[in-house]
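# Understanding the architecture of this molecule
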Amino acid sequence: MNIKKRIDRIPGGMMIVPLFLGACLNTFAPTTGKFFGSFTNGLITGTLPILSVWFFCIGASISLKATPLVLRKSGVLVSVKIITAALAGVVASWFIPTEGITSGFLTGLSVLAIIAAMNDTNGGMYMALMQQYGTKEEAGAFCLMCLESGPFMTMVTLGIAGLAVFPWQTMVGALLPFVIGFALGNLDKDLRAFFTQGVGVMVPFFAFALGNNLNFTTILNTGLLGIVLGVGVIIVTGTTLVLADIFLAKGNGTAGIGAASTAGAAVTVPPIIASIEPSFAPSAPAATALVATSVVVTALLTPPLTAWWARRFGVLSPRYLAAEAAKAGNPVPTQAVAAE
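As the structure is a computational prediction, the values presented were derived from the model and not from experiment.

### Here's the deal with the overall build of the protein chain
Counting secondary structure elements, the protein chain contains 19 helices and zero strands. For the protein chain, the residues scored as buried account for 49% of the 340 residues in total. Pairs at least 24 residues apart make up 79% of the contacts formed inside the protein chain by residues separated by at least 6 positions. Taken as a whole, the protein chain presents about 16200 Å² of accessible surface, with 70% of it coming from carbon and sulfur.

What follows is the structure in structure tokens.
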């Protein structure tokens, strides 16, 4: 039936489709989990246990062996993304209450939604784009971007912005599965290969559980606003990341555009943060729906924007192609001559 191939045609499909199915179940049959109980209820309501295993596998998949250039590139992109999200959160907190906006077109918009959407980069998409439009070092920057997955960096960002205070035990607890997985994966390459297989496998399971916390009423009310949020993520974080890539990481800006997206894992952040800090609970359902829409919007817009940037200023630009040809002592490529 080619079900997976059809799902993969949808941006972030393995996250979005199970999330949608979970929302369907919660909207039309919200007592299903309690009715069947046992493992069925665990599958429907087990967001945190499933996510903890996923974070462990993410940690195990990251190799400590990375060149200084890769670490510099990824460090710049990750740091600037986090700082940008924190600043956006601070500015938003001047106008938006903790529980979010409850009336008008901006209903559902909250500081939590803004930070969660801006804080996490779609690392898989970034790596694929850099393999096509960037350098090997830029593609390798994916290694530190995995640290953005999950609630830890959002907790750090909220703390930096002065919008929440989390006990150190909670901070450590959010990071511990990742650290243990990271340690095991780097102690034994066979364990890394084994646990890495779980990264993709776990996605539809926690997405389905997350969907069971959503209702179609919430999703419909935040649909258009989610599109605006996604475009805002690209504009705001894309601008700062391009500047950081050019002036700090000594790149050409392509990596900055490629990192201006919202990760599928960001959808998990609002409910987890709300479970840790109750003050965010009222805004968590709408924030989850907004972030889910932002994932799709940025997945659709970031690739063509990255390709356009690469052709104008990056490795596919006439200037770059001419320079590389000159270094190699070859004639200038015809596409560079034609463009000139």
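### Considerations on a nonpolar patch on the surface
Together, F105, L106, L224, I227, V228, V231, I235, V236, L300, L301 and L305 line one region of the surface with nonpolar side chains, adding up to about 900 Å² of accessible area. Only helix 14 (216-247) and helix 17 (284-312) provide two or more residues apiece to the nonpolar patch. If you tally residues by element for the nonpolar patch, the top one is helix 14, at six residues. Summarising the element assignment, I235 is placed in helix 14. We classify I235 as exposed; its relative accessible area is 52%.

### Regarding the side chain of N119
Within the secondary structure, N119 sits in helix 7 (residues 111-119). Judged by its relative accessible area of 0%, N119 falls in the buried class. At 3.4 Å, the side chain of N119 forms a polar contact with the side chain of T154.

### Re the nonpolar core
If you look at the biggest cluster of nonpolar residues, it comprises 77 residues, and the most contacted ones within it are W54, I114 and I273. Not counting residues up to four positions away in its chain, the partners in contact with I114 are A88, A92, I96, L109 and L229.

### Looking at the packing of helix 11 (residues 152-160) against helix 16 (residues 269-276)
The interhelical angle for the contact between helix 11 and helix 16, taken along N-to-C directions, is 60°, at an axis separation of 10 Å. Crossing of helix 11 over helix 16 shows right-handed handedness. Residues T154, M155 and L158 of helix 11 touch helix 16, and the partners they reach there are V269, I273 and I276. Looking at the contact of helix 11 with helix 16 residue by residue, the classes come out as five nonpolar, one polar and no charged.

How each quantity is defined
- The residue count restarts for each chain, going from 1 along the sequence in the order it is written.
- It should be noted that, the model being predicted, local features are given only for residues of pLDDT at least 70 and side-chain atom pairs only at 80 or more, the latter also being counted only at that level, while totals for whole chains, interfaces and linings use all residues.
- Note that the side-chain values use all heavy atoms of the structure and ignore hydrogens as well as water.
- A helix here means a DSSP run of H or I that spans at least four residues, while a strand means a run of E at least two residues long, and both kinds are numbered starting from the N terminus.
- In this scheme, a residue with accessible area under 20% of its type's maximum is buried, one over 50% is exposed, and one in between is partly exposed, where area comes from a 1.4 Å probe on protein chains only.
- Contacts are residue-level and defined by heavy atoms, with any inter-residue pair within 4.5 Å sufficient.
- For accessible areas, the Shrake-Rupley method is used with a probe of radius 1.4 Å. Any residue's cover is judged against the shown protein chains and nothing else.
- Think of a patch as exposed residues, more than 30% relative accessible area, with no salt bridge, where like charges cluster within 9 Å and nonpolar side chains (Val, Leu, Ile, Met, Phe, Trp, Tyr) cluster within 5 Å.
- Should a side-chain nitrogen of Lys or Arg be within 4 Å of a carboxyl oxygen of Asp or Glu, the pair is scored as a salt bridge.
- Here a polar contact is taken to be a pair of N or O atoms separated by no more than 3.5 Å, where protein atoms must pair a possible hydrogen donor with a possible acceptor and residues adjacent in sequence count only if both atoms sit in side chains.
- In this description, a nonpolar core means a group of buried Ala, Val, Leu, Ile, Met, Phe, Trp, Tyr and Cys residues linked to one another through side-chain atoms lying within 4.5 Å.
- To define axes, lines are fitted to C-alpha atoms, for helices over the stretch in contact only, and angles between the resulting N-to-C directions are given on a 0 to 180 degree scale.
- Each crossing gets its hand from how the near helix is turned against the far one by less than a right angle, where anticlockwise is left-handed and clockwise is right-handed.
- Note on residue categories: nonpolar means Ala, Val, Leu, Ile, Met, Phe, Trp, Tyr, Cys or Pro, charged means Asp, Glu, Lys or Arg, and polar means any other residue, Gly included.

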